[in-house]
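Analysis of the macromolecular model
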Amino acid sequence: LPLPAALKSLYQTTSNAEDNPCKHEGRIRSFPHERGNWSTFVYIPYEPGPAVSSFIDVVLECCKAVVSLKPSDDCHISLTRTVVLRHHWIDSFIESVKDCMKQLPSPEIVYKIIIVYCNDQKTRTFIGLTVAEGHKSLTAAVNVLNKSLADFKLPPFYKEASYHMSIAWCVGDYTDQIEKQVLPQLQVAFQHFLHAQYDQWMLNVSQLHCKSGNKLFSFQLAT
């Protein structure tokens, strides 16, 4: 006899949710949402000070004639790709990362120039600040994290790592337009801000964060 519909609904195996970009400012997922899969990445958190916040306002104003940008609501420097963790892997992965981070020194980061780039899927354009100092420490952290990722058969960080912090973004690929029409002006403005308040563009990193779905984990670095 066929199972009643009420029982079938308890054991549904298809749990993919429809992606609706309208619910998250037009952004498109890089991979489909599936129950039990948790979007995860490790990063350095950054809270912009007054000078950085003012510069972001300048960036939005300068780019307005080309494209309407949105300020990044979560400034950070990524140290892994965004990967997919199964829910039952999370605790083991977090413990693995925590063990690896214990011996890493706290790096000092200084930002250098403005860059414009697009994500791998060509669905979003970003304006970011590249890291001028601190590459050696960041690379050491990435190498350690890559080992943890490999244990879970997850992809490593980009081979040609470009450490940067996104400060503004828009939907679509506008890299050519921004680079040709606005970027030189932004570079000049950034140099003025940098020279006026150099300390505002430095970051002493004391901890890393890992975001997995709606869970947030922190890892303290050695002092």
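Keep in mind that this is a model prediction, so the values were computed, not measured. (Residues numbered from 1 in each chain as written. Predicted model: local features only at pLDDT ≥ 70, side-chain atom pairs only at ≥ 80, totals over all residues. Heavy atoms only, no water.)

Once that is clear, we can look at the pairing of strand β1 (residues 37-45). Where β1 lies against strand β4 (residues 83-86), four bridges are found, and the strand directions are antiparallel. Following the sheet pairing, N37 is matched in β4 by R86. Here β1 runs beside strand β9 (residues 207-212); their pairing, made up of four bridges, is antiparallel. Residue pairing across strands places T40 opposite S212, the latter belonging to β9. Inspection of the sheet shows β1 paired to strand β3 (residues 76-78) by three bridges, in the antiparallel sense. Note that in β3 the partner of P45 across the bridge is H76. (Pairing = 2+ DSSP bridges. Helix = DSSP H or I, 4+ residues; strand = E, 2+ residues; numbered from the N terminus.)

On to the packing of aromatic side chains, then. Evaluated as defined, the whole model comprises 11 aromatic pairs. Plain terms: the ring middles of F55 and F190 are 5.5 Å apart, the flat faces sit at 55° to each other, and that makes the pair tilted. Residue F55 is found in helix α2 (residues 50-63), and its partner F190 is found in helix α6 (residues 183-196); the two are separated by 135 residues along the sequence. Relative accessible area serves as the criterion here: at 0%, F190 is assigned to the buried category. Each ring, one from F157 and one from Y163, has its centre 6.4 Å from the other, and the planes form 10°; the classification is stacked. Accessibility expressed as a relative area gives 3% for Y163, which makes it buried. Through a chain of ring-to-ring contacts, three or more aromatic side chains come together here, namely F55, F190, F193 and W201. Looking at R81, its charged tip hangs above the ring of Y158, at a distance of 4.1 Å from the centre. (Phe/Tyr/Trp six-rings, centres within 6.5 Å; stacked < 30°, edge-to-face > 60°. Buried < 20%, exposed > 50% of the residue type's maximum accessible area, 1.4 Å probe, protein only. Lys NZ or Arg CZ within 6 Å of the ring centre and 35° of its normal.)

Within the chain, K122 stands out as a residue other than glycine whose phi angle is a positive 60°. In this fold, K122 is placed in the loop between β5 (108-118) and β6 (124-133). Phi is positive for K153, which is not a glycine, with a value near 55°. By secondary structure assignment, the location of K153 is in the loop between α4 (135-151) and β7 (164-171).

What follows covers the confidence of the model for the protein. Caution is warranted with low-pLDDT regions, since their predicted coordinates should not be read in detail. Residues of the protein with pLDDT of at least 70 account for 84%, and the chain-wide mean is 87. Mean pLDDT across the elements of the protein bottoms out in helix α1 (residues 5-8) (51) and peaks in strand β2 (residues 70-71) (97). Low confidence marks residues 7-17, where pLDDT is under 50. Its contacts with residues over four positions away, or in another chain, come to six contacts. (pLDDT = per-residue confidence, 0-100. Contact = heavy atoms within 4.5 Å.)

Before going further, it helps to examine the nonpolar core. With 60 residues, the main nonpolar core has Y111 and I127 as its most contacted residues. For I127, the residues in contact, after removing those within four places along its chain, are V59, C63, L69, I114, I115, V116, M165, S166, I167, A168, I178 and L186. (Core = buried A, V, L, I, M, F, W, Y, C linked by side-chain atoms within 4.5 Å.)

Let's shift gears to α2. Spanning 14 residues, α2 covers 20 Å between terminal C-alpha atoms, matching the ideal 20 Å at 1.5 Å per step. All of the buried residues along α2 are A51, V52, F55, I56, V59, L60, C62 and C63. Those residues of α2 that are buried lie in contact with β2, β5, β6, β7, α5 (175-181) and α6. (Expected span 1.5 Å × (residues − 1).)

Let us now look at the state of the cysteines. By the definition in use, this model includes zero disulfides. In this structure C62 is a free cysteine whose sulfur lies 6.6 Å from that of C63, the closest cysteine sulfur available. (Disulfide = S-S within 2.5 Å.)

Attention now goes to the packing of helix α3 (residues 90-101) against α4. In the contact formed by α3 and α4, the axes pass within 10 Å of each other and the chain directions differ by 150°. One finds that α3 runs roughly antiparallel with respect to α4. Where α3 crosses over α4, the handedness of that crossing is right-handed. Contact residues: α3 offers F93, S96, V97, C100 and M101, while α4 offers A141, V144, L145, S148, L149 and D151. (Axes fitted to C-alpha atoms, helices over the stretch in contact; angles between N-to-C directions. Parallel < 35°, antiparallel > 145°, perpendicular 65-115°, else oblique. Left-handed = near helix turned anticlockwise from the far one by under 90°.)

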